[in-house]
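Letter by letter, the chains look like this.
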Amino acid sequence: MTLTSEVRAGGISLSETPRASVVTLWGEIDSALRNEASAALAGAFQRDQPVVVDASRVTFIDSAGIAFLVQLCRIGQDEGLTVSLHDPPSAVREALRTLQLDPLVAG
């Protein structure tokens, strides 16, 4: 009998500080994280606090990951809350710039 364990290539989590909701991204941010993205999105704006997206440990991001960032920013704008992208690696910055989304997802 062979036991297999799921190896996570990336993740999205939500935590709270006294002054912000923090969405932390790490590893590969892609469509496999759909459920985690939905949960983070649902919880990020419940406290009426600014949202900080910590992308410092992202190694890869695809269109689903970019769509998640855009959705966070648009909901934040609609709610009148600041959403900031903290320390994105060059791959994330370049993807946003290429798609001309860097003004929306300001760091």
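The written sequence of each chain sets the order in which its residues are numbered from 1. Residue-level local features of this predicted model are given only where pLDDT is at least 70; pairs of side-chain atoms are given and counted only at 80 or more, and the full residue set underlies all totals for whole chains, interfaces and linings. With hydrogens and water set aside, each side-chain value is computed from the structure's full complement of heavy atoms.

**Student:** Looking at this model, I keep getting lost on the overall build of the protein. Mind explaining?
**Tutor:** Along its length, the protein carries three helices and four strands. Along the protein, helices (α) and strands (β) appear in the sequence β-β-α-β-α-β-α when read from the amino end. Three labels apply to residues, based on accessible area from a 1.4 Å probe with only protein chains included: buried if under 20% of the type maximum, exposed if over 50%, partly exposed otherwise in between. Relative to its full complement of 107 residues, the protein shows a buried share of 36%. Any two residues whose heavy atoms approach within 4.5 Å at even a single point are treated as in contact. Long-range pairs, those at least 24 residues apart, make up 67% of the contacts in the protein between residues at least 6 apart in sequence. All accessibility values rest on the Shrake-Rupley procedure with a 1.4 Å probe; residue burial counts only the protein chains present in the view. Total accessible area on the protein is roughly 6,500 Å²; 49% of this is exposed by carbon and sulfur atoms. For the purposes of this entry, the term helix denotes a DSSP run of H or I that reaches at least four residues, the term strand denotes a run of E that reaches at least two, and both are numbered from the N terminus.

**Student:** Can you help me understand the pairing of strand β4 (residues 83-86) in this one?
**Tutor:** Remember that side chains alternate between the two faces of the sheet whenever the strand is regular. Residue alternation in β4 divides its side chains into a buried set, Val83 and Leu85, and an unburied set, Ser84 and His86. Here strand β3 (residues 51-61) runs beside β4; their pairing, made up of four bridges, is parallel. Following the sheet pairing, Asp54 is matched in β4 by His86. By convention, orient the strands away from the viewer: a clockwise path from the first strand over the helix to the second makes the crossover right-handed. Note that the unit made of β3, helix α2 (residues 63-79) and β4 has a crossover that is right-handed. Any two strands between which DSSP finds at least two bridges are classified as paired.

**Student:** Whenever I open this one, unusual backbone geometry confuses me. Can you help?
**Tutor:** Peptide bonds are, in most cases, trans, and in most cases residues other than glycine have a negative phi. The phi torsion at Asp48 lies on the positive side, around 55°, for a residue other than glycine. Among the secondary structure elements, Asp48 is positioned in the loop between α1 (34-44) and β3. The exposure class assigned to Asp48 is exposed, which follows from its relative accessible area of 57%. For Gln100, which is not glycine, the phi dihedral falls at a positive 60°. Inspection of the secondary structure puts Gln100 in the segment after α3 (90-98).

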